[in-house]
Amino acid sequence: MTTKSAAARATVHGYPRQGRGRELKKAIEGYWKGRVDADALRTTAADLRRTNWQHLTDAGIHEVPTGDFSYYDHVLDTTVMVGAIPERHRAAVELDALDGYFAMARGTQDVAPLEMTKWFDTNYHYLVPELSPDTVFTTNSTKQVSELKEALALGLTARPVLVGPITYLLLAKPAPGVSADFDPLTLLDRLLPVYAEVLADLRAAGAEWVQLDEPALVQDRTPAELNATTRAYRDLGALTDRPKLLVASYFDRLGDALPVLAKAPVEGLALDFTEAAAANLDALAAVGGLPGKRLIAGVVNGRNIWVNDLTKSLATLGTLLGLADRVDVAASCSLLHVPLDATAERDIEPQILRWLAFARQKTAEIVTLAKGLAQGTDTIAAELAANRADLASRAGSALTSDPAVRARAAAVTDVDARRSQPYAERTAAQRAHLGLPPLPTTTIGSFPQTAELRTARADLRARRIDTAGYEERIRAEIQEVISFQEKTGLDVLVHGEPERNDMVQYFAEQLTGYLATQHGWVQSYGTRYVRPPILAGDISRPEPMTVRWTTYAQSLTSRPVKGMLTGPVTMLAWSFVRDDQPLGDTARQVALALRDEVNDLEAAGTSVIQVDEPALRETLPLRAADREAYLAWATEAFRLTTAGVRPETQVHTHMCYAEFGDIVQAIDDLDADVISLEAARSHMQVARELAEHGYPREAGPGVYDIHSPRVPSAAEAAALLRKGLEAIPAERLWVNPDCGLKTRGWPETRASLENLVGAARTVREELAGS
C-alpha cells in the first residue's frame, strides 16, 4: 500500500475546446460567413466552457483551468492580452475587437495575417507574435478575468492559465522591416509590468493561483535566457498584489532551467514526468526538491492516447511525495492534443477500445491516481486490476506483431536507402524526360474539398449511394481539376485528391496496423480539426492505394501528373503512435509499405512522385542532444520510401509551417530531387536558409499563402518569386503555393493560381530579356 498524501488533488492544464460535435468550429465558421452573429458565437463559447468545467468537476477534478479556451489560438490570445497588435492590424482591432482578432489570424484581402508555425514538436499551430524595438505593451486582461469569473460563478475552484512571459518572447520574431538580429527577449523589462497588471486583475477577480506556462524552457537555453528567466520570476514573485504563482513546463525535461525555477520565489511548479521527460525526476531530487512548494506532477501522457500504467505512475508519485510540500496529479500537458472521448467510437473493437484514453478517460486516470495517492491503493484496487488486464491484453495481441513485417524490416541494408545515381546525373535525365520550362509551376497536391465531395463521402458511408455512384463523382471532380490546371497553364499537374479525407488518415485506413476513429477530432489550427489515426500494430500495405486515381488523371492529359503520398515521418507524427517500440522501428515499417506504393506508381507510368514530409521539422526533438539519432532514422525512412525508382523519375517532397533553418542538412540528406516549402508568410526566409547551406537541388518556396482566404495578386507573387531568385538560381526554382488547397474555396483558388501562373510567366519573360 502506498504512502498516503492527504493533500493530493487532481487537476488539468487545459482541455479540448471544440465540443463533442465540434460546435465551436461550426459557430466560428458560421460567424465568418455571416450566418452567426457575435452574440451567438459568444454564447456558444460560454456554453462549451461551462460544459467542460462541469464535466471536469463531475469527474473529480478539484481545480479547473480557465483562460485555456480560445476562438483560434492561445498565443494569439496572449498577444491581445499584452497589446502587441501589429501596426497593420490596429485599425481593424480598434474598429471591432473580434473581427480584428480573426484578421490577425487569417488576414484580409488587404492585410496579411501573422505567421503561423508549429507549437514546439506538436501538430498544433500558433500565431507568431511580431515584435520590434518600438513595441509598446498595454494590458488587456478582459478575456482572462471574464472566464475566471464564469468559473467562480459556478462555484468552482479555478486556476487561470497564461502563456508565461519568457516563452511568449522566445516564440516571437522580429516584425516585418525589423532587423533579423533583433532579440524579442530584450523587451522583457517592458513586458513584465503588463504581466504584473494581469496578475493583479486576476487576484482582484478571485484567483488564488495563476499558472504561467513556460514550455520554451525545456529547450536548450543560453545563459542569457536563463538569467532572464531568473529576473522575470524574481520580479513577478516580489509583487505584493498577486495570486500564488505556478510555473508549468511540459514536452521534455527542464535541464538547466530546473534549478532556476526551483529557486524562484514562486509557490509551485508543474513538471512533466512521462517518458519523454523522465529525467525530471532525478533532476528534481538533485536540486533538493521543492520544499515548501506545490508540485503538479504530470504522470499521465497528455499527447498520446494509450491507457496509463497506473501502477508505474503511482510509483513515480510515491517518490515525489518526499520532494515537495504538496503533490497534485495532472496530465503532462494540456489535453488539447488528444480527442475528447473514446466512448464515442463505435467501430473499434471493445477490447481494443479499452487500450485507449482520450481526454475524458485521461481525466478519470488523473482522478484515480490522485485518490490512490491521497487515500492509499486499497481504495483503487478495482481500477488497478482492470488497468493491468488492459495493459496485458494490448501486449499480447496479434495486432501488435506481424513476423513477416518484422523480418522484412530487419533485412533492410544501406543500399536499399540510396538512389541508383547521384542527383547531378538524375537531374539531367529528369529534365530530358519531362521537358519543363524554366520556373515550372505546380501545386502541392490537394484542391478544394467542396461540400459536394464531403456529402458524397457521407452518402457512401450511410449507403445512400453505392460505390459506383461515389466513384463517378470522384472521376468528375478529377476531370474538372485537370481541365482547370491545363487551362490555367500549370506545368506539372495533380489529380486534386478528391477521394481523400485527410493526408494521413486516407493511407492509414488502407494499411494494416492502423486504427481509424470516427470522432477523434483534434485541433490543428483555428477551425481546422483532424482525426489522427492510431498506429497500433505492425504496418504493411495489402494492395495499391493511389495508383488507380493517379493513372486515371494521367489519362486525361499529356502533361505530367504527380503521384501524391504522405511520407513515413508524417505518417507517424500525425498519428497517435505506438509507445511499445522505438519510433525508428515503426518508421522503417511504414517506409517499406510506402516504398511498394512508390514503385507501383512508377510502374504505372507516373514520372513525378511527391512524398510529403511536413512533419519532419515538427518531430525534431526539443533538445539538441537528441536530434542526431532522430534525423538518422527519419531521413533513412524517407530515402527507403523513394530510393527504388529509376533516375528519370523525379521525386518531390513538401514541408510547411515550421522553422527549417536548423534542419537544412537533414533536408539535403533526404536526397529528394525537388522540395517545396512554406515561404509566403515568412517572406522567403527558407530560400535564404537553403542558399546559405548551399542546398544543391531544386526547390519551390511558396508564393501563395493558402492558410488565408485572401487572393495574392500576380504582382505580389512575382515580387516573392524575384526574392526567391536572389537565393535560388532560376534553373532550380519552382513556383507553387505554400501548401495544399484542400481548405480553400474554388473562387479564391482559381484566382490565386491564375495569378501564380501569371507571375511565373512575367518573371520568365524578365529573365529571358535580361
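What you are looking at is a predicted structure, and each value in this text was computed from that prediction instead of being measured.

Undergrad: Run through the overall build of the chain, naming residues and quoting values.
TA: Along the backbone of the chain there are 28 helices and 20 strands. Relative to the 2.2 N^0.38 estimate, which gives 27 Å for 770 residues, the radius of gyration of the chain is 26 Å and therefore close to what a compact globule would have. Across its three principal axes, the chain shows a C-alpha extent of roughly 75 × 60 × 50 Å. For the chain, the proportion of its 770 residues judged to be buried stands at 62%.

Undergrad: Explain the pattern of salt bridges residue by residue, including any values.
TA: All chains considered together, the criterion is met by 56 salt bridges. A salt bridge links D538 to R578; the nearest nitrogen and oxygen atoms lie 2.9 Å apart. Taken as a pair, D538 in strand β15 (residues 534–540) and R578 in the loop between α22 (568–573) and α23 (583–603) lie far apart in primary sequence, 40 residues in all. Neither residue differs from the other here; D538 and R578 are each classed as buried. Three or more residues are tied together by salt bridges with common partners; here these are R394, R406, D538, R578, D579 and D580.

Undergrad: Report on the packing of helix α12 (residues 310–320) against helix α14 (residues 359–375), specifying residues and quantitative values.
TA: With their axes 10 Å apart at the nearest point, α12 and α14 run at an angle of 50° to one another. Between α12 and α14, the angle is such that the two are oblique. The hand of the α12/α14 crossing is right-handed. Of the residues in α14, those touching α12 at L310, S313, L314, L317 and G318 are E365, T368, L369, G372 and L373. Here the contact of α12 with α14 is composed, by residue class, of five nonpolar, four polar and one charged.

Undergrad: Explain the pairing of strand β20 (residues 698–701) residue by residue, including any values.
TA: Burial along β20 is two-sided: E698 and G700 and A699 and P701, pointing in opposite directions, are all buried. Sheet analysis places strand β19 (residues 674–677) next to β20, joined by four bridges and oriented parallel. Following the sheet pairing, I675 is matched in β20 by A699. Traced from β19 through helix α26 (residues 685–693) to β20, the parallel crossover comes out right-handed.

Undergrad: Kindly report on the nonpolar core, identifying the contributing residues and their values.
TA: The biggest cluster of nonpolar side chains holds 114 residues, and the ones touching the most others in it are Y168 and Y233. Ranked by the residues each element gives to this core, the list is headed by helix α8 (residues 188–205), at nine residues. Leaving out residues up to four positions away in the same chain, Y168 has contacts with V75, T78, T79, V82, A84, P129, L131, V163, L191 and Y195. With 97 residues, the next largest nonpolar core counts V651, A672, V703 and L720 among its residues.

Undergrad: Could you give me a rundown of the packing of α8 against helix α9 (residues 223–237), with the residues and numbers involved?
TA: Running from amino to carboxyl end, α8 crosses α9 at an angle of 35°, the nearest separation of the two axes being 10 Å. Between α8 and α9 the crossing geometry is right-handed. Residues L188, D189, L192, Y195, A196 and L199 of α8 lie in contact with α9, whose contacting residues are A228, R231, A232, D235 and L236. For the contact of α8 with α9, a count of residues per class yields eight nonpolar, no polar and three charged.

Undergrad: Outline the side chain of R159, listing residues and values.
TA: Looking at the secondary structure, you find R159 in strand β5 (residues 158–163). Here E63 takes part through its side chain, which lies 2.5 Å from a polar atom of the side chain of R159.

Undergrad: Quick rundown of the sheet that holds strand β11 (residues 324–331)? Include the residues and the values.
TA: Read from one edge of the open sheet, seven strands run β1-β5-β7-β8-β9-β10-β11, paired in parallel fashion. The open sheet has two free edges, formed respectively by β1 (64–66) and β11, since each of these has just one partner strand. Strand after strand, the sheet turns through a mean of 25° between neighbouring axes, direction not considered. Where strand β10 (residues 290–300) meets β11, seven bridges bridge the pair, whose relative direction is parallel. Along β11, the bridge assignment pairs R294 with R326. Here helix α6 (residues 142–153) sits on the sheet and contacts β1 and β5; the angle it forms with β5, its principal contact strand, is near 160°.

Undergrad: Account for unusual backbone geometry, naming residues and giving values.
TA: Despite not being glycine, F251 shows a phi value in the positive range, around 90°. Its place among the elements puts F251 in the loop between β8 (244–248) and α10 (257–263). For F251, a relative accessible area of 3% puts it in the buried group. Not every positive phi belongs to a glycine, and L439 is a case in point at roughly 50°. Here L439 lies in the loop between α17 (423–434) and α18 (451–461). Classification of L439 by relative accessible area gives buried; the value is 0%.

Undergrad: Report on the packing of aromatic side chains, specifying residues and quantitative values.
TA: What the rule picks out here adds up to 16 aromatic pairs. Between F120 and F251, the ring centres sit 6.0 Å apart and the planes meet at 50°, which makes this aromatic pair tilted. One end of the pair, F120, is in the loop between β2 (116–118) and β3 (125–127); the other, F251, is in the loop between β8 and α10, with 131 residues separating them in the sequence. Grouping residues by exposure puts F120 and F251 together as buried. Ring geometry for Y630 against W633: centres 5.1 Å apart, planes inclined by 90°, an arrangement best described as edge-to-face. In this pair, Y630 and W633 are both assigned in helix α24 (residues 627–642), three residues apart and thus about one turn of the helix distant. Accessibility classification places Y630 together with W633 in one group, the buried group. An aromatic cluster is built from Y31, W32, F69, Y71, Y72, Y101 and F102, whose rings are joined through pairwise contacts.

Undergrad: Describe the side chain of Q144, listing the residues and the values that go with them.
TA: Mapped onto the elements of the fold, Q144 is located in helix α6. Excluding its chain neighbours within four sequence positions, the residues that come into contact with Q144 are D77, M81, L162 and L202.

Undergrad: Outline the sheet that holds strand β17 (residues 608–612), supporting the account with residue identities and numerical values.
TA: Strand order in the open sheet made by the five strands is β16-β17-β18-β19-β20, with parallel pairing throughout. Each end of this open sheet is capped by a strand with a single partner; those strands are β16 (562–566) and β20. Averaged over neighbouring strand pairs, the angle between their axes works out to 20° when direction is ignored. The sheet contacts of α24 involve β17 and β18 (650–655), and relative to β18 the element is tilted by about 145°.

Undergrad: So what's going on with the environment of Q685? Which residues, and what values?
TA: With respect to the helices, strands and loops of the structure, Q685 is situated in helix α26. Side-chain polar atoms of Q685 contact the side chain of E689, separated by 2.8 Å.

Undergrad: An account of the pairing of β15 is needed here, citing residue identities and associated values.
TA: Counted residue by residue, β15 has six buried out of seven residues, so it is predominantly covered. Bridge analysis of strand β12 (residues 512–515) against β15 gives three bridges, and the strand direction is antiparallel. Bridged to L515 within β15 is I534.

About the cut-offs
- Numbers given to residues run from 1 along each chain, matching the order in which its sequence is written.
- Local features are withheld for residues below a pLDDT of 70 in this predicted model, meaning they are given only at 70 or higher, and side-chain atom pairs are given and counted only at 80 or more; totals for whole chains, interfaces and linings count all residues.
- In computing side-chain values, all of the structure's heavy atoms are included and hydrogens and water are not.
- Only DSSP runs of H or I with at least four residues qualify as helices, and only runs of E with at least two residues qualify as strands; both kinds are numbered from the N terminus onward.
- Atoms counted for the radius of gyration: C-alpha only. Globule rule: 2.2 Å times the number of residues to the power 0.38.
- Summary of the burial criterion: residues with accessible area below 20% of their type's maximum are buried, those above 50% are exposed, and those between are partly exposed, where the area comes from a 1.4 Å probe applied to protein chains only.
- Only one rule defines a salt bridge in this text: a Lys or Arg side-chain nitrogen within 4 Å of an Asp or Glu carboxyl oxygen.
- With axes taken as lines fitted to C-alpha atoms, and helix axes fitted only over the stretch in contact, angles between N-to-C directions fall between 0 and 180 degrees.
- Roughly parallel means an angle under 35 degrees; roughly antiparallel means over 145; roughly perpendicular covers 65 to 115; every other angle is labelled oblique.
- What makes a crossing left-handed is the near helix being turned counterclockwise from the far one by less than a right angle; a clockwise turn instead makes it right-handed.
- Contact between two residues is taken to exist if any of their heavy atoms lie within 4.5 Å; hydrogens are not considered.
- Residues are grouped as follows: Ala, Val, Leu, Ile, Met, Phe, Trp, Tyr, Cys and Pro are nonpolar; Asp, Glu, Lys and Arg are charged; every other residue, Gly included, is polar.
- At least two bridges found by DSSP between two strands are what make those strands a pair.
- Look down the strands so they point away from you; if the path from the first strand over the helix to the second goes clockwise, the crossover is right-handed.
- Residues belong to a common nonpolar core when they are buried Ala, Val, Leu, Ile, Met, Phe, Trp, Tyr or Cys residues joined through side-chain atoms within 4.5 Å.
- Between N or O atoms, a polar contact is any pair within 3.5 Å; within protein, one atom must be a potential hydrogen donor and the other a potential acceptor, and residues adjacent in sequence are included only when both atoms are from side chains.
- A pair of aromatic rings is counted whenever rings of Phe, Tyr or Trp (Trp by its six-membered ring) have centres within 6.5 Å, and the orientation is called stacked for planes under 30 degrees apart, edge-to-face for over 60 and tilted otherwise.

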